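Listed below are the residues making up each chain.
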Amino acid sequence: MNQVDPLLHRKLQEVGNLVSHLGEQVRQVSGQVAGVDTRQQQAQTELQQLRADFLAYVQQAGRASVVQRAETRIGVIKDDLDHEFGHHKTVRRTAVGMLQAFDTGLVTEETVRGVSEELMIQTPRYWLAPALVALASWAADDPTLCSRAVDEAFRRSPAHTSLLFTLVLRRQGRQEAAHRWLRHYLLVQDPAALGREFAVILEALAQGAFGPAGRELLATTLDQWQRTLLDDTAARDRQVALWRAEIDSLAAPTARADHPRLAQLSPQWPQLDAILGKARAQQALLDRYRAVTEREPGPSTRLEDAVDDILDQLVGAYDTDELPLRRDLELQHAVVAHDGDMDAARRAYDARAAAFEQTLDYLTVQSASALAPETIGTSPATRRLAVAACREWLDEAQGGFTRDYRAALPPAVEARFDSTHSVAGTMFHLPPWTGSFSDGLPAMEHSLDAHWEQHAKSFLDSLAYPLRRHLLILGASVLAVLLVVGQISWPVALVAAGLLALVRGLLLQQQHTKAQALHRSARQALHQAKRDSLQQLRAAGAELTDWYESYRAADAVDADCRAFITSLSAAAPGGSPFEGRVVDRPAPAAPAAPAPAGLGKDSHR
Amino acid sequence: MAHTERSRRIVAPGPARAPGRVQGTPGRVVGPATGRPLAVGAGLFRNRSAALLGTVARLDQAVDEEAARRFAESVAGAYAEEFGAVPLGLVARCLLGPPYVDHILNLSGVIVRHFAPHTAMPEPFDRARMLARSDGYLYVEVFSDGLTVPVRPDGTVVRP
């Protein structure tokens, strides 16, 4: 019996040690698994960050390459233009030079004639070359040649030729003949398919270059065209769409940097950001077009200079043949301007593409003069008048734009929390929580707090050390020892049970203390995480208030915009710097001979 | 934030009909113009007259059923006369403030119903809801084909 007792006691001791050792190992493995899990989460986060960085890099590299290609293409197109149409430039420069030579009388008739004939040979098919021959022969008092040259120029480009002689004769004080050319030009025009040179007419109107009679004729004709074209709803809608595209392009960039918490927490942030950007377009619109209309056009000191500027535009405007290359050039410029963003470049190009069509309707000429004067070749003075003439479309486009972003305002802005935290070597996942700011911040805070408390409590409970269960097991083990060993010897049973209780009890106490410490640290970590969440929520609430203030301020500019657009109706008529001015100087000195009858349009026909 | 939280009202005015004829069920937004062919033409986008705006502005004075009926009839009559088309209803800011239950009226198909921010608006009025909350518009007309026409305080309208 005495031999059995120590043996049994030793075996029990060994079993107890093994159980304890196993428990220790399980805990170690559990800790290692939690550690691996945490590291895996970290690795995943870093991998995601790396992926995002990589994608951003790829996008940036792609854009840089697109910009580089566009810049190269710009060079190639310019070379092509120079190669294909460079000789037109010489003729254009000569035309204005010749008129100035007439003014000053510094060049002999032979030189003028020689140059014009040389250009006639060098630039076949270009309308301006025979027009120069006509001018030179006019100066040389050779009506036969002049008439033939006018015929040829008119055959090559009736519209350009008519306009050129309208302006030249106007410049030389031949009002009757100029008026006849102008009337004839207008009569043969189709307001739905005007040539690109028509922008010059608007320019001349803005500069008052045709004198009172010409202005009257133009005003009547243009009013009639506008009325005819506006009967077509589709034409009107096209103009409104052009202006809408212009306003859309003024939307401000993202305001994410000003509202980082709101952007992070609110599922409605993309809508809010887009709406604020659009509301801020109101100020941009106002600034841009107020600057256009308030800008005092610097009138030339002499009316001749103004007419020369218009002539520059007429002869300098690129030909229809050049349009494909010009269109491509404009697109490549847009790509460079938008830093390689092809979509944005395409949108910007599309908004201006109308100006590169071979023929334009009168309404589009007006819109293009107001929206993109550089593409159609008009001056700020013309732009000013064109903006005023387009006020109805601008009004409609601005009204629709404002309505659309106001209607897109989300009825309720929400905050959403859905986070994972590493707590005491274990991952704690907070289930998704969503609250609406329209409930008020205190109610949201209360709800989020309750959500945290509820899920943190169940998590902490799962971490709690099961002391009670262990004590019950220990009690059962002691009882079993007493019952089994007690049948053999009570004193031995008591000693064995006492030893078991003591050893196991000490172990339990140690484990319990450790678990309590772990529990405390987990509770503190979760408490801190909850406080951070609440702080983020408050910050997002404050940022939402800021957002609403910014939005209201930006949206309030709508009233100023509307007042500005209404004020344009007063600016429409008579905005010309040369209103009512006419050339009343004596006949120029250079062409000593009177103008041949051949330059009068009627006789030409 | 505040301007998105104002309570709203939907007014469904009826055209001049036989008084006392019940068109809808209490609590539902109905429009007597439903099913009526809508003549939406360019004329519909003319400016709203000061008289019409004044009539619409008197909604808050319609504190009893008789007043609401008269109100709706005058609005519908004004629309029919001026534009030849009567909207299904109007959505506007509610200036009464809480509690607004006192102003739910139902007579001859005329319903004035007030909405809290969280209460969903029935179609097609829901599309006009955020527009009506903007200070830029006096009210929004909603037509039976879903067309929404915001009316500015000066009587001008925003074309669709």
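Residues numbered from 1 in each chain as written. Chains lettered and ligands numbered in written order. Predicted model: local features only at pLDDT ≥ 70, side-chain atom pairs only at ≥ 80, totals over all residues. Heavy atoms only, no water.

A. Layout of the overall build of chain A. From N to C terminus, chain A includes 22 helices and six strands. Counting the 605 residues in chain A, one finds 45% classified as buried. The long-range share in chain A, meaning contacts at least 24 apart out of those at least 6 apart in sequence, stands at 77%. Roughly 30300 Å² of accessible area belongs to chain A as shown, and the carbon and sulfur atoms make up 55% of that amount. (Helix = DSSP H or I, 4+ residues; strand = E, 2+ residues; numbered from the N terminus. Buried < 20%, exposed > 50% of the residue type's maximum accessible area, 1.4 Å probe, protein only. Contact = heavy atoms within 4.5 Å. Areas by Shrake-Rupley, 256 points an atom, 1.4 Å probe, with all protein chains shown as cover.)

B. Structural context of the nonpolar core. Residues and elements named next belong to chain A. Counting residues in each nonpolar core, the largest one holds 121 residues, and the members touching the most others are Leu135, Phe198, Trp243, Tyr362, Phe437 and Trp547. When residues in this core are grouped by element, the largest group, 16 residues, is from helix H21 (residues 490–571). Each of domain 1 (61–409 + 575–604) and domain 2 (430–556) accounts for three or more of the residues forming this core. Setting aside residues up to four positions removed in sequence, Phe198 forms contacts with Tyr185, Leu186, Leu222, Trp225, Tyr362 and Val365. (Core = buried A, V, L, I, M, F, W, Y, C linked by side-chain atoms within 4.5 Å. Domains from an automatic or database assignment.)

C. Just the pattern of salt bridges, in detail. Under the definition given, this model contains 23 salt bridges over all chains. A salt bridge links A:Arg113 to A:Glu117; the nearest nitrogen and oxygen atoms lie 3.6 Å apart. With A:Arg113 and A:Glu117 both in helix H2 (residues 109–122) and four residues apart, the pair spans about one turn of that helix. Overlapping salt bridges bring together A:Arg236, A:Glu392, A:Glu396 and B:Arg159 as one network. (Salt bridge = Lys/Arg side-chain N within 4 Å of Asp/Glu carboxyl O.)

D. Quick peek at the confidence of the model for chain A. Per-residue confidence for chain A gives a mean pLDDT of 80; residues scoring 70 or more make up 88%. Per-residue pLDDT stays below 50 along residues 572–605 of chain A; that stretch engages in 79 contacts with residues further than four places along the chain or on separate chains. (pLDDT = per-residue confidence, 0-100.)

E. View of helix H5 (residues 158–171) of chain A. Residues and elements named next belong to chain A. Between the first and last C-alpha of H5 there are 20 Å, a value that for 14 residues agrees with the 20 Å anticipated at 1.5 Å per step. Counting buried positions along H5 gives 13 out of 14 residues, so the element sits mostly inside the fold. Positioned one or two residues after H5, Gly173 has a phi angle of 85°, which is positive. (Expected span 1.5 Å × (residues − 1).)

F. Focus on the layout of surface pockets. All names here are of chain A. Estimated volume of the largest pocket: approximately 1200 Å³. Every residue lining the largest pocket is counted, 38 residues in all, and those nearest its centre are Gly23, Arg27, Tyr465, Arg504 and Gln511. Secondary-structure elements contributing two or more residues to the lining of the largest pocket are helix H1 (4–104), helix H19 (441–463), helix H20 (467–486) and H21. Here the lining of the largest pocket takes 15 residues from H1, the largest share from any one element. Of the residues assigned to the lining of the largest pocket, the class counts are 19 nonpolar, 15 polar and four charged. (1 Å grid on protein atoms, 1.4 Å probe; cavity = no way out; pocket = protein on both sides within 12 Å on 5 of 7 lines; lining within 4 Å. Points joined across faces, edges and corners; volume = space filled by probe spheres on them. Nonpolar A, V, L, I, M, F, W, Y, C, P; charged D, E, K, R; others polar.)

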